[in-house]
Amino acid sequence: MRPIQATISLSALEHNLAVAKSKAPQSKVMAVVKANGYGHGLLNAAKGLKLADGFAILCLDEALTLRSAGYKQTILMLEGFFSADELPTICEYAISIVVHSHKQIEILENASLAGPISIHLKMNTGMNRLGFKPHDFDSVLARLQTCKNVADITLMGHFATADESLGIAKPLEVFKQAAQAHQYPQSLANSAALLRFPEAHADWVRAGIMLYGTSPIAEDSAAKCGLKPVMQFTSEIISVQTLEAGESLGYGHRFTATKKTRIGVVACGYADGYPRHATNGTPIVVAGKLTQTLGRVSMDMLFVDITGIPGAEIGTAVEMWGKHVSVDEVAQAAGTISYELLCAVAPRVPLKASS
Ligand SMILES: *Cc1c(COP(=O)(O)O)cnc(C)c1O
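Residues numbered from 1 in each chain as written. Predicted model: local features only at pLDDT ≥ 70, side-chain atom pairs only at ≥ 80, totals over all residues. Heavy atoms only, no water.

(A) Spatial organisation of the overall build of the protein. Each helix and strand counted, the protein has eleven helices and 18 strands in total. Summarising its shape, the C-alpha atoms of the protein cover approximately 75 × 40 × 35 Å along the three principal directions. With 355 residues in all, the protein has 54% of them scored as buried. The long-range fraction of contacts in the protein, counting pairs at least 24 apart against all pairs at least 6 apart in sequence, stands at 65%. Accessible surface, the protein: about 15,600 Å² in total, of which carbon and sulfur atoms supply 52%. For the protein, the distance from the average site of its 31 positive side-chain charges to the average site of its 31 negative ones is 3 Å. (Helix = DSSP H or I, 4+ residues; strand = E, 2+ residues; numbered from the N terminus. Buried < 20%, exposed > 50% of the residue type's maximum accessible area, 1.4 Å probe, protein only. Contact = heavy atoms within 4.5 Å. Areas by Shrake-Rupley, 256 points an atom, 1.4 Å probe, with all protein chains shown as cover. Lys, Arg positive; Asp, Glu negative; His and termini not counted. Charge placed at Lys NZ, Arg CZ, Asp CG, Glu CD.)

Structural data, given as structure tokens:
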């Protein structure tokens, strides 16, 4: 069997959830497990986060997977329903939905359902992605209040710059202004806002990336935030090559040795989710020792410098990210963010839950 695997630590998930709860002690924590639990496996993530007050997902089939596995908490579809035919199932399984468009409201008003559905009404506070403009909010709420298919209502916003120097002051003010006349529970904060802005905690917080042990804030490492890495992405060396000075490596010959260099060829490529944009020098760990990638990442393999690790040979363990090198550091070397790398771990990589 190919030696690649991603090991998911359930205790690290539990720990990171406890961090979220301790940072926002007055709020209920909704664990965001969209995109297959940020690449960790939906049911692995849910298992480690089973003490969360709710789960947020994207699609109905994810919601049903959680219900079938026995989760009784609030389950919120972050973009709501996509078509009218989903509503009876949403109702039957007591799934909560975001409502962000007039189109969705029309469909809700015209549906005949066995009972009402819980709504998170989305306000557009300046991100201009989903939701109603603040000046439309009163009329939209009035419409939902008289809709027979609407059960309880939560008011929801989402921040575009909670992780950046711009912060949240302006959108938070916009939200408060538009929501102040209404006595509904509120849900605002993502991980970055949860960690940086207690004033945004409200009734619910929606924690995503921090639960997987990576930092939502550029200037703070995950460790500094008290978070533990959840995924350890590992493989092995399957070939060893020795380059003489002047010899080159891999596609495009992107690396040329200036001295005798020992190279390990690792069973992990971009088809496994390792970023092809990772530069020469991306941190990677071989036999527990920090070293660097060299050359271009191929579909199924990548190269590591093992010149300084004489014991490294075929079969030696490699950590692409996890305990010894953080996914944040690899993401930085590839010009992206941890979210993208975690979500991109390919279906062909076996996910193994560990305590
Ligand atoms: C994905 C998502 C979150 C979680 O964001 P993180 O930055 O991962 O904490 C919260 N709210 C909404 C609406 C989202 O789509």
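Resuming the write-up.
(B) Expanded view of the site of the ligand. Near the ligand the following residues occur: Val32, Lys34, Tyr38, Leu78, Met156, His158, Asn190, Ser191, Arg206, Gly208, Ile209 and Tyr339. In the environment of the ligand, a nitrogen atom lies 2.9 Å from a nitrogen or oxygen atom belonging to the side chain of Arg206. In this structure, Ile209 approaches the ligand through a main-chain N or O atom, which is 2.8 Å from an oxygen atom. Tallied by class, residues from the shell around the ligand come to six nonpolar, four polar and two charged. (Near = heavy atom within 4 Å. Polar contact = N/O pair within 3.5 Å; in protein donor to acceptor, adjacent residues only side chain to side chain. Nonpolar A, V, L, I, M, F, W, Y, C, P; charged D, E, K, R; others polar.)

(C) Examining the domain arrangement of the protein more closely. Once the domains are mapped, the protein shows domain 1 (10-212) and domain 2 (231-354). Each of domain 1 and domain 2 was reduced to a C-alpha centroid, and the two centroids are 37 Å apart. Opposite the ten residues of domain 1 that make contact, domain 2 presents eight residues. Regarding the contact of domain 1 and domain 2, the summed buried area is about 820 Å², with carbon and sulfur atoms giving 66% of it. At the junction of domain 1 with domain 2, the criterion picks out zero salt bridges. Applying the counting rule to domain 1 against domain 2 returns one residue pair in polar contact (both at pLDDT 80 or more). The element that contributes the greatest number of residues to the side of domain 1 that touches domain 2 is helix H2 (residues 34-38), accounting for three residues. The residue inventory of the side of domain 1 that touches domain 2, partitioned by class, reads five nonpolar, five polar and no charged. (Domains from an automatic or database assignment. Buried area = accessible area lost by both parts, 1.4 Å probe. Salt bridge = Lys/Arg side-chain N within 4 Å of Asp/Glu carboxyl O.)

(D) Molecular detail of the packing of aromatic side chains. This structure, assessed with the given rule, holds five aromatic pairs. Consider the rings of Phe55 and Tyr71, whose centres lie 5.4 Å apart with planes at 80°: the pair is edge-to-face. You can see Phe55 sitting in strand S3 (residues 54-57) and its partner Tyr71 sitting in the loop between helix H4 (60-68) and strand S4 (74-77), a full 16 residues away along the chain. Here Phe55 falls in the buried class, since its relative accessible area comes to 0%. Taking the relative accessible area as the measure of exposure, Tyr71 reaches 14% and is therefore buried. On the numbers, 4.8 Å between centres and 50° between planes, the contact of Phe233 with Trp321 is tilted. (Phe/Tyr/Trp six-rings, centres within 6.5 Å; stacked < 30°, edge-to-face > 60°.)

(E) Layout of the environment of Glu313. Looking at where Glu313 falls in the secondary structure, it is placed in the loop between strand S16 (302-305) and strand S17 (317-321). Of the residues examined, Glu313 reaches a relative accessible area of 48% and is grouped as partly exposed. Along the chain, Glu313 and Asp53 lie 260 residues apart, while their C-alpha atoms are 47 Å from each other. Not counting residues within four places of it along the chain, the set of residues in contact with Glu313 comprises Ile237 and Val240.

(F) Summary view of helix H8 (residues 169-179). Residues of H8 that are buried include every one of Pro171, Leu172, Phe175, Ala178 and Ala179, and no others. All buried residues of H8 lie within an arc of 135° about the axis, which places them on one face of the element. Exposed residues lying more than 90 degrees from the buried face of H8 are Ala169 and Lys170. Packing partners of the buried residues in H8 comprise helix H7 (137-145), strand S7 (150-156) and strand S8 (186-189). (Arc of directions from axis to C-beta.)

(G) Here's a closer look at helix H6 (residues 102-110). Every buried residue belonging to H6 is among Gln104, Ile105 and Leu108, and all of these are buried. In a view along the axis of H6, the buried residues occupy a sector of 100°, so they form one face of it. Across H6 from its buried face, at more than 90 degrees, point the exposed residues Lys103 and Asn110. Turning to H6, the residues buried within the fold contact helix H5 (87-92), strand S5 (96-99), strand S6 (117-122), H7 and S7.

(H) Representation of the nonpolar core in the model. Ranked by size, the top nonpolar core spans 113 residues in total, and within it Leu49, Leu121, Met320 and Trp321 carry the most contacts. With near-sequence residues (within four places) excluded, Leu49 lies in contact with Leu13, Leu17, Ala31, Val33, Phe55, Leu211 and Tyr212. Counting eight residues, the second largest nonpolar core, distinct from the first, contains Leu243, Leu249, Phe255 and Leu294. (Core = buried A, V, L, I, M, F, W, Y, C linked by side-chain atoms within 4.5 Å.)

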